[in-house]
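# A structural walkthrough
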Amino acid sequence: MGANQHTLETFRAHSRVLEDAQVGAFVAWLRGVRRASRHTEANYVRDVGQFCTFFWGEEPPPFRWGEVVRADAKQFLNHYARTEAKATSTARKLAALRAFFHFLVAEGELPNSPFAGLRPPKREKVLPRLLSEEEVERFLAAPREALQAEAAAGGPTDPLAHYALLRDRALFEVLYCTGMRVAEAAALEIRQVDAAAASVRVIGKGNKERLCLLGRPALLALGEMLMAARGLWADALAPQGRLFRNQQGGGLTTRSIERFMKHWLAVAGLPADLTPHKLRHSFATHLLSHGADLRAVQELLGHVSPETTQIYTHLAPERLIETYHAAHPRG
């Protein structure tokens, strides 16, 4: 199936499933009660739509949700466990359908959920590709060196281009310094930064707030960026204004941040497949390599479960061996 045909069929499935009254009520609950992101909402609707196609084919709504039994739920999950490239995709479908059927039970539409108690397929332990400390330094040095070259040539001639250099330097310093997600950085507002406390309040998944710390390079870079922004836009320092802006004065998107990173990766001579999220992986691994406590890293990353953070221990074995020998009485 071609990419365009797949996109068209996905759109049709979405449109069809949203015509079902129960799915519409579920979407309203996701928005109003759970306050799920639009990304989560779209994923859940897609997954419920895939189940409808799997179970009812091209039959139009309303769907008879009471017909679904546990064997059907298992068959659906087994089907996608065989066909999906990643176990995480099937696990997400289970989460979406479990949430949907739990909603139907809570609303009194069904006596029980066919997805209750089912377990997702076992996830593979995939170690993420990350940047070494030397690669991070090369990457962060690229916009700094561009600013130095600009100064050596007599200073900036284009204020917007100069701001873009300052922004990129500050943006990637902040991403690596805090380990925040790229979407969290894109959404940052001026009021979330406390320069005096060298910290930033981050609104993460599920609207949960956490405190991230800013090192001296990130603080200095942010200060210079905001000074340049003040000369370009009247609302540059407005508390509710975006911290990182594009050259039109609007907020950044995750796509634009990925594009900026690819540019500086090329300048630094680093692999083009590295992404802003790899800076988050690198942040966690480098902290653990230098002796940080796993629980502290979990808090800084905003992970709900320590198991999510645990994967980084596989990436810093030398430090763990050293800690073992230093701390264990028989080490």
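In the block above lies the structure referred to throughout.
What counts, and where the lines are drawn
Residues numbered from 1 in each chain as written. Predicted model: local features only at pLDDT ≥ 70, side-chain atom pairs only at ≥ 80, totals over all residues. Heavy atoms only, no water. Phe/Tyr/Trp six-rings, centres within 6.5 Å; stacked < 30°, edge-to-face > 60°. Helix = DSSP H or I, 4+ residues; strand = E, 2+ residues; numbered from the N terminus. Buried < 20%, exposed > 50% of the residue type's maximum accessible area, 1.4 Å probe, protein only. Lys, Arg positive; Asp, Glu negative; His and termini not counted. Salt bridge = Lys/Arg side-chain N within 4 Å of Asp/Glu carboxyl O. Contact = heavy atoms within 4.5 Å. Pairing = 2+ DSSP bridges. Expected span 1.5 Å × (residues − 1). Arc of directions from axis to C-beta.

### Section: the packing of aromatic side chains
- Applying the stated rule across the entire model yields 21 aromatic pairs.
- Aromatic side chains phenylalanine 26 and tryptophan 29 sit 5.9 Å apart centroid to centroid with 20° between the ring planes, which places their arrangement in the stacked category. Of the two residues, phenylalanine 26 and tryptophan 29 both sit in helix H2 (residues 21–34), 3 residues apart, roughly one turn of that helix.
- Geometrically, the ring pair formed by tyrosine 163 and tryptophan 233 is edge-to-face, given 5.1 Å between the ring centres and 85° between the ring planes. Here the residue tyrosine 163 occupies a position in helix H7 (residues 159–178), and tryptophan 233 occupies one in the loop between helix H9 (216–230) and helix H10 (254–268), the gap between them amounting to 70 residues. For the pair tyrosine 163 and tryptophan 233, one class covers both residues: buried.

### Re the side chain of aspartate 72
- Mapped onto the fold, aspartate 72 is located in helix H4 (residues 70–83).
- For aspartate 72, which is buried and forms no salt bridge, the nearest opposite charge comes from arginine 64, at a distance of 11 Å.
- Residue contacts for aspartate 72: discarding those within four places in its chain leaves Phe51, Phe55 and Glu67.

### What about the sheet that holds strand E3 (residues 209–213)?
- Pairing in this open sheet of 3 strands is antiparallel, and the strands run E1-E2-E3 from one edge to the other. In this open sheet, the two strands that pair with only one neighbour each are strand E1 (193–194) and E3.
- Here strand E2 (residues 199–203) pairs with E3 via 5 bridges, running antiparallel. Residue pairing across strands places valine 200 opposite cysteine 212, the latter belonging to E3.

### As for H9
- The end-to-end C-alpha separation of H9 is 21 Å, in line with the 21 Å expected for 15 residues at 1.5 Å each.
- Within the span of H9, buried status applies to Ala218, Ala221, Leu222, Met225, Ala228 and Ala229. Mapping the buried residues of H9 onto a view down its axis gives an arc of 130°, with all of them on the same face. Exposed and oriented more than 90 degrees from the buried face of H9 are Arg216, Met227 and Arg230.
- In this structure, the buried side of H9 is in contact with H7.

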